[in-house]
Amino acid sequence: MALAIFDLDETLIHGDCATLWSEQMGRLGWVDPESFMRQNNELMDAYSHGKLRMEEYMAFSLEPMIGRTPEEVDHLVGPWVEDFIEPIIFSDATKAIAAHRKAGDRILVISASGTHLVRPIADRLGIDEILGIELEVLHGVYSGNTVGTLTYREGKITRLLEWLDAEEENLEGASFYSDSRNDLPLLLKVDFPHVVNPDPVLLEHAEKAGWPIHLWK
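Quick caveat: nothing in here was measured; it's all calculated off a predicted structure. (Residues numbered from 1 in each chain as written. Predicted model: local features only at pLDDT ≥ 70, side-chain atom pairs only at ≥ 80, totals over all residues. Heavy atoms only, no water.)

Draft legend 1. Structural view of helix H2 (residues 33-48). A rise of 1.5 Å per residue sets the reference length of H2, with its 16 residues, at 22 Å; its end C-alpha atoms lie 22 Å apart and thus fit the reference within 8%. Check the buried side of H2 and you find it contacts helix H1 (17-27) and helix H3 (54-62). Trailing H2 by a residue or two, Gly-50 shows a phi angle of about 70°, which is positive. (Helix = DSSP H or I, 4+ residues; strand = E, 2+ residues; numbered from the N terminus. Expected span 1.5 Å × (residues − 1). Contact = heavy atoms within 4.5 Å.)

Draft legend 2. Geometry of the packing of aromatic side chains. Counted under the stated rule, the structure contains 6 aromatic pairs. Consider the rings of Phe-6 and Tyr-177, whose centres lie 4.6 Å apart with planes at 10°: the pair is stacked. Of this pair, Phe-6 sits in strand S1 (residues 3-6) while Tyr-177 sits in strand S5 (residues 175-178), and the two are 171 residues apart along the sequence. The residues Phe-6 and Tyr-177 share a single accessibility class, namely buried. For the ring pair Tyr-57 and Phe-60, a centre distance of 6.1 Å and an interplane angle of 55° mean the geometry is tilted. Linking Tyr-57 with Phe-60, this pair stays in helix H3, spanning 3 residues, or about one helical turn. Residue Tyr-57 shares its accessibility class with Phe-60, and that shared class is buried. (Phe/Tyr/Trp six-rings, centres within 6.5 Å; stacked < 30°, edge-to-face > 60°. Buried < 20%, exposed > 50% of the residue type's maximum accessible area, 1.4 Å probe, protein only.)

Draft legend 3. Geometry of the packing of H1 against helix H4 (residues 70-85). Relative orientation of the contacting elements H1 and H4 amounts to 115°, with a least axis distance of 11 Å. The pairing of H1 with H4 is recorded here as roughly perpendicular in orientation. For H1 against H4, the interelement crossing comes out right-handed. For the pair formed by H1 and H4, the contact residues are Cys-17, Leu-20, Trp-21, Gln-24 and Arg-27 on the first element and Val-73, Leu-76, Val-77, Trp-80, Phe-84 and Ile-85 on the second. In terms of residue class, the contact of H1 with H4 is built from 9 nonpolar, 1 polar and 1 charged. (Axes fitted to C-alpha atoms, helices over the stretch in contact; angles between N-to-C directions. Parallel < 35°, antiparallel > 145°, perpendicular 65-115°, else oblique. Left-handed = near helix turned anticlockwise from the far one by under 90°. Nonpolar A, V, L, I, M, F, W, Y, C, P; charged D, E, K, R; others polar.)

Draft legend 4. Layout of the packing of H2 against H3. Direction vectors running N to C along H2 and H3 enclose 160°, while the axes themselves pass 11 Å from each other. Here H2 is positioned roughly antiparallel relative to H3, judged by the angle of their axes. At the point where H2 passes H3, the crossing takes the left-handed sense. Facing H2, whose interface residues are Phe-36, Gln-39, Asn-40, Leu-43, Met-44 and Tyr-47, H3 presents Met-54, Glu-56, Tyr-57, Phe-60 and Ser-61. Per-class residue counts for the contact of H2 with H3 are 7 nonpolar, 3 polar and 1 charged.

Right, dumping it as structure tokens:
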């Protein structure tokens with residue numbers, strides 16, 4: 001059984017789930033929509049250029065959730081996924097997932113977004129196994145902090161290797177699909193790298209390396 005690993009944002013879905021959740025927190029009245037989204041977009045622009053400190057973004061994006069229970073957040077994330085995420089799932093992504101499932105591959109989503117978003121989105125895609133940024137819960141509520149290594153850039157490799165060890169799995173014959181230059185470290189680690197709607201830096205690398213380039217819709 002080989003692994004089929006998928007990035008989430010701009011790979012399986014046409015958008016960034018953390019940004020879309022930030023917009024939802026504005027609609028919920030948890031933040032001032034205008035100022036919060038202005039700062040969110042500045043940070044995400046840095047991400048797209050490979051210059052973001054993920055710790056900075058997580059501290060910013062989790063601040064409105066401090067003191068809220070996971071149950072409260074989950075109750076609101078579910079309908080949000082149905083209303084805002086399902087319409088932007090790439091149909092080509094669902095076909096690729098189905099093909100790997102038919103081949104008997106083990107499917108894993110690994111994302112630089114928080115697990116409070118990654119897990120319910122993966123559930124909608126029929127994927128049970130995920131790695132994402134873990135959120136700290138203290139005294140039953142979110143603290144605004146994260147736990148462990150962040151699944152971002154080289155951190156994705158660290159967390160994946162830990163998962164492989166725990167699951168007694170390996171990367172032999174593994175595939176990884178991503179859109180972002182930030183995932184080059186992991187793309188270089190697998191036997192079958194695939195780029196999906198790649199950013200310019202990743203596109204240039206993929207063309208030179210002869211990697212498959214997918215234009216998913």
